[in-house]
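# A closer look at the structure
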Amino acid sequence: MEKIVKLRGFYLFLGLAGGSFGSYLTLLLVNNGLDAGQVGILMATGTLIALCIQPMWGIISDRYNQTRLVLILSVAVPALLAVFYRSEYFLVLLLVFTISTIFSSTQAPIADSYAIAAAKKAGSTYGSIRLMLSIGAAVGSFGGGLYVSTFSVSSIWIPFLFFNLLAVVIALTLPKQAEENHMMSQSFSQGVKQLLGNRIFLAFLGGSFLVNQTMTAFGTYFVLAFQSVGGSTRYAGIALFIASVTNVPSMLYASKVIKKLGRERTLLLGAIIYVLRWGIQFAFPYPSVMIGVQVLHGLSFGFFYIAAVEYVSQITSSEMQATGQSIFNMVFSGFAGIVGNLLNGFLFKQGGVGAMNLSCMLSALAGAALLLYVARTSQRKLPVASKGIGV
């Protein structure tokens with residue numbers, strides 16, 4: 001139980017740091033002289049390089065039993081480098097973002113390995129620990145908006161450094177190695193051909209990619225888009241707060257929804273809500289609407305992500321759990337982030353918020369079509385694993 005309390009505190013401070021800084025990083029970069037297209041190139045390039053290097057962290061963590069060290073570095077290095085985002089030079093910003101992403105990219109799977117093992121040992125659930133990240137992100141996003149509107153966006157690195165250092169202090173008290181590492185213990189190459197040779201799994205990956213690339217329009221460009229239609233930074237913080245808060249009940253009740261509808265239909269439901277979410281913002285590009293529509297965030301991202309993780313656990317055998325989750329995360333977070341940052345940055349620069357929102361609506365619609373195929377065929381064509389990872 002003590003370990004769970006520590007992990008909840010760790011996730012809370014991570015959320016506070018990410019919410020107060022990540023949501024306003026694009027605003028900081030634009031304030032430094034970059035345009036939306038350059039921001040997209042910077043973030044896509046950094047993410048691509050980090051994606052290529054990420055397998056190295058699995059080797060260091062598992063082969064050399066340095067899970068805690070890698071976790072500490074994944075938090076401390078981005079925090080210490082954040083001050084350099086004040087630079088006006090593109091190459092400096094690219095270098096800082098790339099190095100930060102290389103380290104932070106391993107944060108989620110390693111933190112989750114601790115959380116999953118602790119939850120299993122205590123008879124709790126991973127979701128009850130992970131929701132602290134959403135609570136922290138909600139408070140951090142709102143507080144970040146107040147901070148930027150009161151002080152200067154160029155100093156947003158200060159609360160980011162402070163909260164991350166608190167997370168590092170907690171990480172120092174964790175065991176050197178997680179008891180179980182579901183996400184990283186398996187070799188990535190093992191079983192990849194078998195998974196990628198399955199049409200339904202490929203359709204699931206394609207649907208996840210098309211749906212989640214739209215999230216860069218929210219995570220990377222929301223503050224810029226909000227300001228472009230007349231919104232203020234303070235109210236942007238309120239919108240981000242609402243979006244993060246809605247993740248909390250989603251994580252608490254997702255298991256009940258999945259139990260009633262099934263994983264495939266919950267995925268489809270989440271994708272349809274994505275279509276609705278972007279469609280509303282395309283039809284009514286007003287600050288008040290962009291704030292109110294954030295109540296759909298938990299129903300779209302929250303339900304979709306949890307159902308997706310459970311779906312991968314369901315369709316992969318016990319010895320291939322890590323491989324399946326790794327492939328999903330590379331597509332869902334990695335490739336979708338790269339393409340989304342480039343595409344949405346280009347569309348926002350060339351056609352404004354309307355072009356970006358229309359593209360996101362159509363992309364989510366195409367993703368929903370693939371997930372409809374998955375929902376109709378997976379039950380009779382895919383073998384169900386005997387036991388998956390509980391979320």
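These remarks concern the structure in this document. (Residues numbered from 1 in each chain as written. Predicted model: local features only at pLDDT ≥ 70, side-chain atom pairs only at ≥ 80, totals over all residues. Heavy atoms only, no water.)

So, on to the overall build of the protein chain. Helix and strand counts for the protein chain stand at 19 helices and zero strands. Every one of the 391 residues in the protein chain was classed for burial, and the buried ones make up 56%. A separation of at least 24 residues holds for 86% of the contacts in the protein chain among residues at least 6 apart in sequence. Looking at the protein chain as shown, the accessible area adds up to about 16,000 Å², and 68% of this sits on carbon and sulfur atoms. (Helix = DSSP H or I, 4+ residues; strand = E, 2+ residues; numbered from the N terminus. Buried < 20%, exposed > 50% of the residue type's maximum accessible area, 1.4 Å probe, protein only. Contact = heavy atoms within 4.5 Å. Areas by Shrake-Rupley, 256 points an atom, 1.4 Å probe, with all protein chains shown as cover.)

All right, on to the nonpolar core then. F10, F21, L29, Y85, F204, F222 and M356 are the most contacted members of the largest nonpolar core, which has 112 residues in total. Per-element accounting of this core gives the leading share, 13 residues, to helix α19 (residues 321-381). Ignoring anything within four residues of it in the chain, the contact list for M356 reads A217, Y221, A225, N344, L347 and F348. (Core = buried A, V, L, I, M, F, W, Y, C linked by side-chain atoms within 4.5 Å.)

The next point concerns the pattern of salt bridges. Tallied over the entire structure, the rule returns two salt bridges. For R263, the salt bridge goes to E310, with nearest N and O atoms at 3.5 Å. With R263 in helix α16 (residues 263-283) and E310 in helix α18 (residues 297-315), this pair connects stretches of sequence that are 47 residues apart. You can call E310 buried: its relative accessible area is 13%. (Salt bridge = Lys/Arg side-chain N within 4 Å of Asp/Glu carboxyl O.)

Within the secondary structure layout, T216 lies in helix α12 (residues 215-219). Excluding its chain neighbours within four sequence positions, the residues that come into contact with T216 are Y221, A336, G337, G340, N341 and N344. Here Q213 takes part through its backbone oxygen, which lies 2.9 Å from a polar atom of the side chain of T216. Side-chain polar atoms of T216 contact the side chain of N344, separated by 2.8 Å. (Polar contact = N/O pair within 3.5 Å; in protein donor to acceptor, adjacent residues only side chain to side chain.)

This part covers empty space enclosed by the protein. Per the counting criterion, the structure on display carries two cavities of 30 Å³ or more. Here the second largest cavity is characterised by a volume of approximately 60 Å³. As for the second largest cavity, its lining consists of A217, F218, F222, A225, R277, W278, Q281, M290, Q294, M356 and N357. Contributions of two or more residues to the lining of the second largest cavity are made by α12, α13 (222-228), α16 and α19. (1 Å grid on protein atoms, 1.4 Å probe; cavity = no way out; pocket = protein on both sides within 12 Å on 5 of 7 lines; lining within 4 Å. Points joined across faces, edges and corners; volume = space filled by probe spheres on them.)

Glancing now at the packing of helix α14 (residues 233-245) against helix α15 (residues 247-261). The contact between α14 and α15 brings their axes to 4 Å, and the two run at 10°. The angle between α14 and α15 places the two elements in the roughly parallel class. Together, A243, S244 and V245 of α14 and N247, V248 and P249 of α15 make up the contact between the two elements. Per-class residue counts for the contact of α14 with α15 are four nonpolar, two polar and no charged. (Axes fitted to C-alpha atoms, helices over the stretch in contact; angles between N-to-C directions. Parallel < 35°, antiparallel > 145°, perpendicular 65-115°, else oblique. Nonpolar A, V, L, I, M, F, W, Y, C, P; charged D, E, K, R; others polar.)

This part takes up the packing of aromatic side chains. For the structure on display, the rule yields 19 aromatic pairs. Relative to F328, the ring of Y305 has its centre 6.4 Å away and its plane inclined at 40°; by these criteria the two rings are tilted. Highlighted residues: Y305 in helix α18 and F328 in helix α19, separated in sequence by 23 residues. Taken individually, Y305 and F328 each receive the classification buried, so the pair is uniform in this respect. Cluster of aromatic residues (ring-pair linked, three or more members): F201, F204, Y274, F301, F304, Y305, Y311, F328 and F332. Over the ring of F218 we find R277; its NZ or CZ atom is 5.0 Å from the centre of that ring. Note that R277 overlies the ring of W278, its terminal NZ or CZ placed 5.6 Å from the centroid. (Phe/Tyr/Trp six-rings, centres within 6.5 Å; stacked < 30°, edge-to-face > 60°. Lys NZ or Arg CZ within 6 Å of the ring centre and 35° of its normal.)

Turning our attention to α18. With 19 residues, α18 should reach 27 Å at 1.5 Å per residue; the first-to-last C-alpha distance of 26 Å fits that figure. Of all 19 residues making up α18, 18 are buried, and the element is well covered by its neighbours. (Expected span 1.5 Å × (residues − 1).)

Taken together, the side chains of V139, F142, F241 and V245 make up a nonpolar region of the molecular surface, amounting to roughly 290 Å² of accessible area. Of all elements in the fold, only α8 (126-150) and α14 reach the threshold of two or more residues within the nonpolar patch. Positionally, V245 belongs in helix α14. For V245, a relative accessible area of 35% translates into the label partly exposed. (Patch = residues over 30% accessible without salt bridge, like charges linked within 9 Å, V, L, I, M, F, W, Y side chains within 5 Å.)

A few words now on the packing of helix α11 (residues 199-212) against α18. α18 packs onto α11 with a crossing angle of 160° between their chain directions and a minimal axis gap of 12 Å. With respect to each other, α11 and α18 are oriented roughly antiparallel. The chirality of how α11 crosses α18 is left-handed. Between α11 and α18, the contacting residues are I200, F201, F204, S208, V211 and N212 on the first element and F301, F304, A308, Y311, V312 and I315 on the second. Residues that form the contact of α11 with α18 fall into these classes: ten nonpolar, two polar and no charged. (Left-handed = near helix turned anticlockwise from the far one by under 90°.)

Three- or four-residue spacings in an α-helix give side chains the same orientation, since the helix completes a turn every 3.6 residues. The sharpest bend along α15 measures roughly 50° and falls at Y253. Listed in full, the buried residues belonging to α15 are N247, V248, S250, M251, A254 and I258. (Bend = angle between axes of the 7 residues up to and from the residue.)

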